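As a plain string of letters, each chain reads:
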Amino acid sequence: MSDSRKTGLVLLPEQAEHDTGDHPENGRRIPAVLEHLRQAPEWSRLALLESRRARPEDIIRVHTPEHFELIESRSAAGPSWIDGDTPVSTGSFEVALRAAGGALVGIDSLLGDSASRPDSLFALIRPPGHHATPGRAMGFCLFNNAAIAARYAQECHGVERVAILDWDVHHGNGTQDAFWDDPSVMVVSLHQWPLYPGTGWLVETGAGEGEGTTVNLPMPPGCGDREYLEAMVAVVEPTLEAFDPGLLIVSAGQDGHVADPLSDEAITAAGYNRLAARSASLARRLGIGLLAVHEGGYNLATLPGLDRAILAGFGDYPAELDEPEAGRARLSGSDPGWDERRREIVAAQRPYRQLG
Ligand SMILES: [Zn+2]
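Rules and cut-offs
- All residue numbers here refer to positions counted from 1 along the written sequence of the relevant chain.
- Local features are withheld for residues below a pLDDT of 70 in this predicted model, meaning they are given only at 70 or higher, and side-chain atom pairs are given and counted only at 80 or more; totals for whole chains, interfaces and linings count all residues.
- Side-chain calculation: all heavy atoms of the structure are included, whereas hydrogens and water are not.
- Sodium, potassium and calcium take a 3.2 Å donor cutoff, other metals 2.8 Å, and in both cases only N, O and S atoms count; water is not among them, so sites may look incomplete.
- Any coordination sphere not matching a tetrahedral pattern (four donors, all angles between 85 and 135 degrees) or a square planar or octahedral pattern (four or six donors, opposite donors over 155 degrees apart, other angles between 65 and 115) is reported as irregular.
- Here a helix means four or more residues in a row that DSSP labels H or I, a strand means two or more in a row labelled E, and each is numbered from the N terminus.
- Each residue is placed in one exposure class: buried if its accessible area under a 1.4 Å probe, protein chains only, is under 20% of its type's maximum, exposed if it is over 50%, and partly exposed if it falls in between.
- Salt bridge, as used here: a side-chain nitrogen of Lys or Arg that lies within 4 Å of a carboxyl oxygen of Asp or Glu.
- Space inside and on the surface of the protein is sampled on a 1 Å grid over the protein atoms alone, with a cavity defined as a set of points where a 1.4 Å probe fits but cannot get out and a pocket as an open set with protein on both sides within 12 Å along at least 5 of 7 lines; lining residues have an atom within 4 Å of a point.
- Grid points are joined across faces, edges and corners, and a volume is the space filled by probe spheres set on the points.
- Only Asp, Glu, Lys and Arg are considered charged in this grouping, and only Ala, Val, Leu, Ile, Met, Phe, Trp, Tyr, Cys and Pro are considered nonpolar; every other residue, Gly among them, is considered polar.
- Comment: arc refers to directions from the helix axis out to C-beta atoms.
- Contact definition: two residues touch when any of their heavy atoms are within 4.5 Å.
- Whether two strands pair comes down to DSSP finding at least two bridges between them.
- Inter-axis angles, ranging from 0 to 180 degrees, are taken between N-to-C directions of lines fitted to C-alpha atoms, where helices are fitted over the stretch in contact.

Moving on, we get to the coordination of the zinc ion. Note on the zinc ion: its protein donors are Asp168 (OD), Asp168 (OD), His170 (ND1) and Asp255 (OD). The metal-donor distances range over 2.0 to 2.7 Å. Considering all four donor atoms around the zinc ion, angles at the metal cover 53 to 155° and the coordination shape is irregular. Spacing between the donor residues of the zinc ion along their common chain follows D-x1-H-x84-D. Of the two residues, histidine 170 sits in the loop between β6 (162–166) and α6 (173–178) while aspartate 255 sits in the loop between β9 (247–252) and α8 (269–286), which places them 85 residues apart along the sequence. Exposure remark for aspartate 255: the relative accessible area of 0% places this residue in the buried category.

Now the structure itself:
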């Protein structure tokens, strides 16, 4: 009847043990998402997997041993702040290991040889990871889950080339740093610019053998569904397709939503649904698996509906798109300057690829 794509979740029990109190990135986010999904009619169609603990060697494929030990010791010492944005509690080290392990469970399932293998999985994990550099925790992130998953796929499953698409509204500086001079992992980031952490401008394209496999799309403030989808079609998809990866990892942060408190972008639930659907279609065209790892998204009233919309896009099934009134507050007809920025992006990529 339907040949819709098989999708599902990797769950992270006891994630609230990474206790950040009233911080925007807190232990109430994932339960709110799960409560919403469990009540949705499509819940029964989702594959459900459970996280495991990543091993130290999984983490130090990306991070320095000193960084690994710092997170362990700071966590053991009790609640404190690693920087002005990034708290740790006694349980943070364990939860961070199991968050990274959630991404690895997803990789094993997507790259396994089971007949019931899913087409995509969404690891509902925290803390997020994409700001964590090889040697530094920052921006709510301790270990870089997407980067750890990419290296694991290469070393433990023999995948040659991995593509990481980061649509979190903040630039994925940690992921960029991890693969800056590495041509085997392409990092494509869509993010509001300017915004925290300040990196991710057009000229950041990688170095050495990795020159050209870092691709930044700095989106002007006020961009919404139209601009993000045009960026996908005109730049992201042809770039990823030509790279011909053996796996697609999505750093899925939903903080570019119109009602998110941490950005000025105006993406709606329908927009996230389309971003997810287009990513899943691309993976299907390439014949590869898609692993999404949860990054940002800080409005507890809207995040559950956005993750639901993303799963529907991955799975290619219809779902109600919840768009609370608050979600429309910032939608307006003003031009954020996208047309000019799009030309700048295409021009910056010209040494590496021809784009329309
Ligand atoms: Zn973010």
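Under the defined criterion, the tally for this structure stands at 20 salt bridges. Taking the shortest distance from any N to any O, the salt bridge between arginine 226 and glutamate 227 comes out at 3.6 Å. When its relative accessible area of 43% is taken as the criterion, arginine 226 is described as partly exposed. Within this structure, Arg55, Glu57, Asp58, Arg61 and Glu155 form a network of salt bridges that share partners.

Within this model, the largest pocket holds a volume of roughly 270 Å³. Every residue lining the largest pocket is counted, 16 residues in all, and those nearest its centre are Arg117, Asp119, Gly287, Ile288 and Gly289. For the lining of the largest pocket, the elements supplying multiple residues, two or more each, are α4 (92–111), α8 and β10 (289–294). Counting residues per element, the lining of the largest pocket draws most heavily on α8, at three residues. Residues of the lining of the largest pocket, tallied by class, amount to eight nonpolar, four polar and four charged.

What follows is about helix α1 (residues 29–38). Looking at α1, one finds that the buried residues are Arg29, Ile30, Val33, Leu34 and Leu37. The buried residues of α1 all sit within an arc of 125° when viewed along its axis, so they share a single face. Packed against the buried residues of α1 are β1 (8–11), β10 and α9 (303–315).

Before going further, it helps to examine the sheet that holds β6. One key point about sheets: their strands pair by backbone hydrogen bonds, in either a parallel or an antiparallel sense. With respect to topology, eight strands assemble into an open sheet ordered β2-β1-β5-β10-β9-β6-β7-β8, the strand pairing being parallel. Of all the strands in the sheet, just β2 (47–50) and β8 (214–219) have a single pairing partner and so form its edges. Across the sheet, the mean angle separating the axes of adjacent strands is 15° when strand polarity is ignored. The pairing of β6 with β9 spans five bridges and is classified as parallel. Paired with leucine 165 across the bridge in β9 is valine 250.

Once that is clear, we can look at the pairing of β8. Summarising burial for β8: six of the six residues are buried, a large majority. Neither face of β8 is open: one carries Thr214, Asn216 and Pro218, the other Val215, Leu217 and Met219, and all of them are buried. By the bridge criterion, six bridges tie strand β7 (residues 185–192) to β8 in an arrangement that is parallel. Paired with glutamine 192 across the two strands is methionine 219, which belongs to β8.

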